[in-house]
Amino acid sequence: MLKYLLAAPYLAALFMTAPARADFPETVQQHILPGYAKLAATSADLAAAAQKSCDATALQPAFHAAFDAWLGVQHLHFGPVEADGLGLSIQFWPDPKGSGAKAQRSLLLGDPAALLPENFADQSVAARGLAGLERLLYPTKSLPADPCALIRATAHDLARVTDMINTAWIETYANTLLTAGDAGNTVFLTQSEVRQLLFTQVIAGLEFAQDQRLGRPLGSFDAPRPERAESIASGRSLINLQQSLLSLRDMAQTLTPDAPKTMAAFDRALGMMGKLQDPTFANVATIQGRLKTEIVQQSITALRDTALAELGPALGVSIGFNAADGD
Amino acid sequence: MATRRAFLAGMAAACLPAPTWADVGSPAFLAAGKHGNGFVLHGLSALGVSLFNIDLPARGHAAAAHPTQAIAVAFARRPGTFAVVLDCLTGRVRHQLTPPLGRQFNGHGAFSADGSLLMTSEVEAVGSAGRIGVWETATFTRIGEWDSGGIGPHDLKRLPGGRLVIANGGIQTDPFDRTKLNLPDMRPNLTLLSPSGEILDQVELAPELRQNSIRHLAVMPGGVAFAMQWEGDAADPVPQLGLWMPGAAPRLCPPAQSGAFAMRGYAGSIAVSSAGNLIGLTSAKAGAVMLFDTAGTPTATHHRADISGIANGAAGLIATDGQGAVWRVETDGLSLLSQTDVAWDNHLISLDFAG
């Protein structure tokens, strides 16, 4: 675990220079397509590793590699990943009612035919994906049956889903974005629509970090909820937050070179996280730990506000007219 | 209380032959929007083509259309202190409606079937207790008010027989800044009023769904379809659609599990096409329109950024978005009908009075 934390090769991205040109085609070519390709490749590796061995310890590095790759694209809530709940089937979190664990228990104790590839795709999205694999590879209590077949089925399904998304992007959806505004493109009527969509993903990603990744464990002052943090069992809570922020930073950078305050706010927030030394946000239960975590959360709020004020105008867009209104 | 000036204006207007919807091109829909820095109300054809447009004094929320005369009432955004009665032929403001002291308009209104009355959803500014303002429409003078049967009424729709169904959203808001004040204890309900304002029926949601604010309505045979906005934990999968046939309990219609969060817990507008066996819900927050059959079974979800207005017309369900596009909505997908530089606002109002 510690080794994993220290390796942190992704931090290198922080110091990469800005691309010479930046607009939505760069986001597609340099952020989205490589992100989904990496997710599909690491998921395929994980599935292959699971075929060789069901040993949890042996599979953990491949699990982390796939999860790291997922955080490169997890903030993208449009296009192929939105079809048929595919995104949910990659990671079902938060899951306050524990529906994933319940569905997995049924799968472990039930008819093995449900684990056949052709049937597994129809199982509950809550049972599948990275959260499902985490429960099997880092069990917090003894599992009711041998998980080997379920590990293999889940990893295989993850590889299938991520390959489907990657293929859809390569074969059609990248072009749908890149031809925005062309005659015949009825998904994106103007290029500005694409910029607005991508900008919205950055803002929503920051809100998810603030409200869910940090907000859930923080709970309230009187009732901190450290047990609600993401990926506690695999020790990834803070890593997930850091990696998602780095991905959002990378995305913003491919969109425009004209958002220096936003970049600085990203770096400030990432700097705060780097000092947290609380891999699963367990310290939110202490006053001191809570204060430190709240400071990180505030740095993300400030980052979001900066991005709204600077990144949006730099792209010539804002949050949707109706989406921002509420009713 | 009508001012002398408004009264005289009303008398003058009453002396002119009232233009009908045919005089303004027989629009199928009304839609408010933003054009440049100004706000406008458009009449749209069944295929989404603008037939007329009128400047609005401020951002509108929804409009109510007179059943025969080319008169639209545009309501300000919540909490609103004005509504304007617009002559859709001349574009002139015929009347400005102001709620009584201590009351605020809450977004929606509905005409009686014969057009002689206008009912407006209102709240007491302090406490958000619901009221339905009743206005006669010859001079647009307030003639009375009814209890809405709950807190924070939003949409209201006329049912056959002159009954009125009201979505009491349950949310108490700050009179100045829309801050929600009672989310832990909110209790939305659906209330059915008689033509004279007595409560005929009322239903609430199950306790675990009390934070699902019932906000918008669409009339369907035997009752209404209603759309909800979740104020609880975003991680809880909750339905956005319900059906209520007065006399029976409301029935909730959850999305498929794969679409449990596709609307982000939020439905902003709702429409029913009984002929097309289709109910459409929009979520601008999610950029999604979710479709169900009229039995409440989910059939499809389509994605489009900032899609919000949806209404039923002769050509089926039509939706509008904040980028200026008008779409035909079918189970197979969205197809583009028209595109302008007007950012279409929250609601699309159908002028199809046949249903």
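Since this is a predicted model, take the numbers as computed values, not measurements.

## Here we look at the confidence of the model for chain B
Argument step 1. Residue-level pLDDT values for chain B average 92, and 94% of them are 70 or greater.
Argument step 2. ipTM for the predicted complex: 0.89, alongside a pTM of 0.92.

## Examining the nonpolar core
Argument step 1. Judged by nonpolar contacts, the single largest core of 85 residues is most densely connected at Trp 169 and Leu 241 of chain A.
Argument step 2. Setting aside residues no more than four positions away along its own chain, Trp 169 of chain A makes contact with Ile 32, Leu 33, Tyr 36, Phe 78, Pro 80, Ala 174 and Leu 177 of chain A.
Argument step 3. Counting residues in hydrophobic clusters, the runner-up holds 24 residues, among them Phe 321 of chain A together with Ala 62, Ala 74 and Leu 351 of chain B.

## Observations regarding unusual backbone geometry
All names here are of chain A.
Argument step 1. In this structure, Pro 94 follows Trp 93 across a cis peptide bond, with omega equal to 0 degrees.
Argument step 2. With respect to the secondary-structure elements, Pro 94 resides in the loop between α4 (86-90) and α5 (99-109).
Argument step 3. For Ser 231, which is not a glycine, the phi torsion comes out positive at approximately 50 degrees.
Argument step 4. For Ser 231, the position within the fold is in the loop between α9 (191-218) and α10 (237-255).

## Comments concerning the state of the cysteines
Linking two cysteines covalently via their sulfur atoms produces the bond known as a disulfide.
Residue and element names in this part refer to chain A.
Argument step 1. This model, assessed by the stated rule, comprises one disulfide over all chains.
Argument step 2. Across the disulfide, Cys 54 is cross-linked to Cys 148 (sulfur-sulfur distance 1.8 Å). Negative torsions about the S-S bond denote left-handed disulfides, and the value of about 60 degrees found for Cys 54 with Cys 148 makes this one right-handed. Here the residue Cys 54 occupies a position in the loop between α2 (24-52) and α3 (56-71), and Cys 148 occupies one in helix α8 (residues 148-178), the gap between them amounting to 94 residues. A single burial state applies to Cys 54 and to Cys 148, both of which are buried.

## What about the pairing of strand β3 (residues 50-56) of chain B?
Residues and elements named next belong to chain B.
Argument step 1. Examined bridge by bridge, strand β2 (residues 38-44) and β3 share six bridges and lie antiparallel to one another. Bridged to His 42 within β3 is Asn 53.
Argument step 2. Linking β2 back to β3 in an antiparallel pair, the connection comprises five residues, with Gly 48 at a positive phi of about 85 degrees.

## As for the packing of aromatic side chains
Argument step 1. Applying the stated criterion across every chain, the model contains twelve aromatic pairs over all chains.
Argument step 2. Here the aromatic rings of Trp 169 of chain A and Tyr 173 of chain A are separated by 5.1 Å at their centres, their planes lie at 80 degrees, and the arrangement is edge-to-face. Placement of the pair is Trp 169 of chain A and Tyr 173 of chain A together in helix α8, with a separation of four residues, close to one helical turn. This pair shows no difference in class: Trp 169 of chain A is buried, exactly as Tyr 173 of chain A is.
Argument step 3. A network of ring pairs unites the aromatic residues Tyr 36, Phe 78, Trp 169, Tyr 173 and Phe 188 of chain A as a single cluster.
Argument step 4. Here the basic side chain of Arg 59 of chain B rests over the ring of Phe 321 of chain A, its NZ or CZ set 3.7 Å away from the ring centre.
Argument step 5. It is Lys 285 of chain B that lies over the ring of Tyr 266 of chain B; its NZ or CZ is 5.0 Å from the centre.

## Focus: the sheet that holds strand β1 (residues 29-35) of chain B
Residue and element names in this part refer to chain B.
Argument step 1. With antiparallel pairing, four strands are arranged side by side in an open sheet as β3-β2-β1-β28. Where the open sheet ends on each side, the last strands, each with one partner, are β3 and β28 (343-350). Pairs of neighbouring strands in the sheet enclose a mean axial angle of 20 degrees, with direction left out of account.
Argument step 2. Examined bridge by bridge, β1 and β28 share five bridges and lie antiparallel to one another. Across the sheet, the residue bridging to Gly 33 is Trp 344, located in β28.

Reading the values: rules and limits
Residues numbered from 1 in each chain as written. Chains lettered and ligands numbered in written order. Predicted model: local features only at pLDDT ≥ 70, side-chain atom pairs only at ≥ 80, totals over all residues. Heavy atoms only, no water. pLDDT = per-residue confidence, 0-100. Core = buried A, V, L, I, M, F, W, Y, C linked by side-chain atoms within 4.5 Å. Buried < 20%, exposed > 50% of the residue type's maximum accessible area, 1.4 Å probe, protein only. Contact = heavy atoms within 4.5 Å. Helix = DSSP H or I, 4+ residues; strand = E, 2+ residues; numbered from the N terminus. Disulfide = S-S within 2.5 Å. Pairing = 2+ DSSP bridges. Phe/Tyr/Trp six-rings, centres within 6.5 Å; stacked < 30°, edge-to-face > 60°. Lys NZ or Arg CZ within 6 Å of the ring centre and 35° of its normal. Axes fitted to C-alpha atoms, helices over the stretch in contact; angles between N-to-C directions.

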